[in-house]
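Chains, contacts and geometry: an overview
Next come the chains, spelled out residue by residue.
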Amino acid sequence: MIKAIQRTLERVVVGDSIPSLVRWGQAMPRGLVRRLQQDAFGEVVRYAASRQRFFARKLAEKGIDAGRVRRPEDLGDIFTTPEDLLNLPAEEFLCRAPKAVFETTGTSGAPKRVYFGYDELHRSARHEAAALYKNGVRPGDRAVCTFDGGYWISGWVTFLACRMLGVFCSAIGKPQPRELYNRMPQYRYNVVVADPTWLVSFSEIAQKDGTYPLKVIMAAGDRMTDVYRRYVQEVWGAPLVLGYGSTEAGGGVGMECERQEGYHLDEYDFLFEIVDPDPQGYGELVMTTLTRRTQPFIRYRMRDVTRFVPQPCACGVTLSRIEPVRGRRDEMVVMGAGNMHPEIFERVLHDVGDISSHWQVAVRQQGLRDVLEFRLELTNGVGPENVEQNVRRNLEARFPEVWANHLCGMYELAFRYLPLSTLGSGRKARRLVDERSA
Ligand SMILES: [Zn+2]
């Protein structure tokens with residue numbers, strides 16, 4: 001019954017019209033979204049049970065009958081992990097002949113491979129198109145996408161999304177920022193889609209040599225701090241909205257709306273869970289692909305730590321939101337201060353002043369106590385008193401529960417200063433390290 005309603009809605013009410021899809025995202029009651037998800041979850045579980053070797057084996061090991069599975073919890077501790085994807089051949093996961101493959105490289109160097117059908121890429125693009133539309137992108141706009149090429153998926157999905165919106169689009173891989181800057185007047189781009197760090201370099205050129213009128217900037221891929229976001233927005237005088245996704249998810253699974261208060265999730269194509277949440281609700285994000293049939297993922301552990309935003313969004317969209325990702329689960333350190341993530345220290349340190357942007361926080365052990373050591377580079381040659389005072393003040397104001405544990409004596413604070421350019425930068429540099437002996 002629910003399924004029949006959904007099909008009718010999709011065909012008659014929404015069709016391929018992106019504006020209708022956005023209106024629908026605002027009109028759909030939460031209860032109905034959940035019913036549709038539950039229905040689709042049972043269906044994909046039964047589908048994968050009969051066609052996916054990996055999942056069928058997991059079910060058999062645990063003695064679970066797929067026909068009885070209604071909710072994710074019914075699967076107990078059955079998950080699909082990035083390691084499964086890396087270590088097992090593609091045939092373990094494929095349920096039908098694929099039409100496309102994309103890769104994503106983790107820290108280990110070996111790529112994870114994810115296969116799709118054209119219909120699945122189309123669905124992915126439809127939701128990205130809806131998110132772009134919600135953020136003001138309209139036919140007649142001119143978009144440029146500089147997501148990396150090669151085996152990456154994101155540029156293709158953005159290109160297809162622009163096609164659906166009737167928007168001029170160049171998906172050009174990742175050029176030197178200057179190369180694109182020089183072409184801005186010729187192609188009159190007013191929508192830029194790019195990685196955060198690339199955008200910062202691009203904006204530095206524009207700050208020096210002049211900007212062009214942009215309507216909206218969309219960023220996804222690596223981390224964008226509040227400082228970077230403010231900088232890019234100020235240079236261009238345009239809003240910067242963030243997207244969240246991965247190759248496994250087939251591109252984006254969530255995008256901010258104009259309020260910039262968390263990612264609205266694509267709950268028509270995915271079911272999300274937060275597993276092992278801490279008392280504040282932060283835990284690992286887990287997704288099940290509800291509509292993919294080439295290589296469906298049942299409870300895929302995304303390794304990113306976040307939490308659901310409980311309140312409905314003021315923009316009117318009824319799709320749930322998650323907060324910006326706190327960090328990778330493998331970057332999390334459990335200690336006397338609580339569950340620590342690099343993002344916590346980013347928010348404590350970004351406006352402290354007199355320190356370089358390179359830093360590291362280490363958790364050490366001294367006697368029976370944890371020590372949280374800030375390793376910083378002083379930039380102005382004056383003493384560190386102000387720096388330490390500001391770190392303490394920010395920690396207390398922004399993370400009161402972390403500060404409270406300090407006052408209780410559950411850990412000590414320490415500071416160490418290193419010569420400039422000692423601490424590495426870039427994605428591989430570890431910002432939070434656990435140096436306690438096991
Ligand atoms: Zn919203």
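Residues numbered from 1 in each chain as written. Predicted model: local features only at pLDDT ≥ 70, side-chain atom pairs only at ≥ 80, totals over all residues. Heavy atoms only, no water.

**Points about helix 4 (residues 53–62)**
Listed in full, the buried residues belonging to helix 4 are Phe54, Phe55 and Leu59. For helix 4, the angular spread of buried residues about the axis comes to 130°, placing them on one side. Exposed residues lying more than 90 degrees from the buried face of helix 4 are Ala60 and Glu61. Looking at the buried side of helix 4, the elements it contacts are helix 3 (30–51) and helix 5 (82–87). (Buried < 20%, exposed > 50% of the residue type's maximum accessible area, 1.4 Å probe, protein only. Helix = DSSP H or I, 4+ residues; strand = E, 2+ residues; numbered from the N terminus. Arc of directions from axis to C-beta. Contact = heavy atoms within 4.5 Å.)

**Describing helix 7 (residues 154–165)**
Across its 12 residues, helix 7 extends 17 Å between first and last C-alpha, which sits within 8% of the 16 Å expected from 1.5 Å per residue. If you check which residues of helix 7 are buried, you get Gly155, Val157, Thr158, Ala161, Cys162 and Leu165. In a view along the axis of helix 7, the buried residues occupy a sector of 160°, so they form one face of it. Away from the buried face of helix 7 by more than 90 degrees, exposed residues Trp156 and Arg163 are located. Lining the buried residues of helix 7 we find helix 2 (18–27), helix 6 (118–134), strand 3 (142–145), strand 4 (168–171) and strand 5 (191–194). (Expected span 1.5 Å × (residues − 1).)

**Details of the nonpolar core**
In a soluble, globular protein the nonpolar side chains are often hidden away together inside. By size, the foremost hydrophobic cluster in this structure holds 73 residues, and its most contacted members are Leu199, Phe202 and Trp236. With seven residues, helix 6 is the largest single contributor of residues to this core. Trp236 has contacts with Phe202, Ser203, Ala206, Thr211, Tyr212, Leu214 and Ile217, leaving out every residue within four places of it along the chain. In this structure, Met340, Phe345, Leu349 and Phe399 belong to the second largest nonpolar core, which totals 26 residues. (Core = buried A, V, L, I, M, F, W, Y, C linked by side-chain atoms within 4.5 Å.)

**Concerning the coordination of the zinc ion**
Ideal values differ by geometry: the angle at a metal is 109.5 degrees with four tetrahedral donors, but 90 or 180 degrees with six octahedral donors. Protein coordination at the zinc ion: the donors are Cys257 (SG), His264 (NE2), Cys313 (SG) and Cys315 (SG), at 2.1 to 2.3 Å from the metal. Taken together, the four donor atoms surrounding the zinc ion define angles of 104 to 114° at the centre, an arrangement classified as tetrahedral. Read from N- to C-terminus, the donor residues coordinating the zinc ion fall into the pattern C-x6-H-x48-C-x1-C. With Cys257 in the loop between strand 8 (251–255) and strand 9 (263–265) and Cys315 in the loop between strand 13 (308–309) and strand 14 (321–322), this residue pair connects regions lying 58 residues apart in the sequence. One exposure class covers both Cys257 and Cys315, and it is buried. (Donors = N, O, S within 2.8 Å, 3.2 Å for Na, K, Ca; no water. Tetrahedral: all angles 85-135°; square planar, octahedral: opposite > 155°, others 65-115°.)

**Some thoughts on the side chain of Glu377**
Among the secondary structure elements, Glu377 is positioned in the loop between strand 19 (369–376) and helix 12 (385–398). It is Arg416 that comes nearest to the buried, bridge-free Glu377 among opposite-charge side chains, at 11 Å. Among the polar contacts made by the side chain of Glu377, one reaches the side chain of Ser356 at a distance of 2.8 Å. In this structure the side chain of Glu377 is engaged in a polar contact, spanning 2.8 Å, whose partner is the backbone nitrogen of Leu423. Ignoring anything within four residues of it in the chain, the contact list for Glu377 reads Asp354, Ile355, Ser356, His358, Leu418, Pro419, Leu420, Ser421, Thr422 and Leu423. (Lys, Arg positive; Asp, Glu negative; His and termini not counted. Salt bridge = Lys/Arg side-chain N within 4 Å of Asp/Glu carboxyl O. Polar contact = N/O pair within 3.5 Å; in protein donor to acceptor, adjacent residues only side chain to side chain.)

**Some remarks on the packing of helix 8 (residues 177–187) against helix 9 (residues 196–209)**
Pairs of packed helices are described in terms of their axes, by the angle between the two and the distance that separates them. Between helix 8 and helix 9, the shortest axis-to-axis distance is 9 Å and the interhelical angle comes to 50°. It follows from the interaxial angle that helix 8 and helix 9 lie oblique. Crossing of helix 8 against helix 9: the hand is right-handed. Between helix 8 and helix 9, the residues in contact are Pro177, Arg178, Leu180, Tyr181 and Met184 and Trp198, Ser201, Phe202, Ile205, Ala206 and Asp209, respectively. Residue composition of the contact of helix 8 with helix 9, grouped by class: eight nonpolar, one polar and two charged. (Axes fitted to C-alpha atoms, helices over the stretch in contact; angles between N-to-C directions. Parallel < 35°, antiparallel > 145°, perpendicular 65-115°, else oblique. Left-handed = near helix turned anticlockwise from the far one by under 90°. Nonpolar A, V, L, I, M, F, W, Y, C, P; charged D, E, K, R; others polar.)

**Some thoughts on the packing of helix 12 against helix 13 (residues 400–407)**
Taken N-terminus to C-terminus, the directions of helix 12 and helix 13 make an angle of 115°; their axes are 5 Å apart at the nearest point. For the pair formed by helix 12 and helix 13, the contact residues are Arg392, Leu395, Glu396, Ala397 and Arg398 on the first element and Pro400, Val402, Trp403 and His406 on the second. Taken together, the residues of the contact of helix 12 with helix 13 break down into five nonpolar, one polar and three charged.

**Some points on the pattern of salt bridges**
This model, assessed by the stated rule, comprises 35 salt bridges. A salt bridge links Arg293 to Glu43; the shortest N-O distance between them is 3.8 Å. Residue Arg293 is located in the loop between strand 11 (283–289) and strand 12 (300–306), and its partner Glu43 is located in helix 3; the two are separated by 250 residues in the primary sequence. Classification of Arg293 by relative accessible area gives buried; the value is 16%. Between Arg436 and Asp370 there is a salt bridge; the shortest N-O distance is 3.1 Å. One end of the pair, Arg436, is in the segment after strand 21 (432–434); the other, Asp370, is in strand 19, and 66 residues separate them in sequence. If you follow the salt bridges from partner to partner, you end up with Glu83, Asp276, Glu284, Arg301 and Arg303 in one network.

**What to know about the packing of aromatic side chains**
Across all of its chains, the model carries 12 aromatic pairs by this definition. On the basis of an interplanar angle of 40° and a centroid distance of 4.9 Å, the ring pair of Phe54 and Phe93 is categorised as tilted. One end of the pair, Phe54, is in helix 4; the other, Phe93, is in the loop between helix 5 and strand 1 (100–105), with 39 residues separating them in the sequence. The two residues Phe54 and Phe93 agree in class, both being buried. Summarising the aromatic geometry, the rings of Phe202 and Trp236 are spaced 5.2 Å apart at their centres and angled 20° between planes, so their arrangement reads as stacked. Placement of Phe202 in helix 9 and of Trp236 in helix 10 (residues 226–236) is noted, with a sequence separation of 34 residues between them. (Phe/Tyr/Trp six-rings, centres within 6.5 Å; stacked < 30°, edge-to-face > 60°.)

**Observations concerning the sheet that holds strand 8**
In space, the nine strands of this open sheet follow the order 4-3-5-6-7-8-9-14-13, with mixed pairing throughout. If you trace the sheet from one side to the other, it starts and ends with strand 4 and strand 13, each paired once. Docked against the sheet, helix 9 engages strand 5, strand 6 (216–219) and strand 7 (240–246), running at close to 130° with respect to strand 5. (Pairing = 2+ DSSP bridges.)

**Structural notes on the pairing of strand 7**
Of all the seven residues making up strand 7, five are buried; the element is thus mostly covered by neighbouring parts of the structure. Taken together, the four bridges between strand 7 and strand 8 define a ladder with antiparallel strand orientation. Looking at the pairing, Ser246 lines up with Gly251 of strand 8. Where strand 7 folds back on strand 8, the antiparallel hairpin that results is connected by four residues, among which Gly250 adopts a positive phi of roughly 80°.

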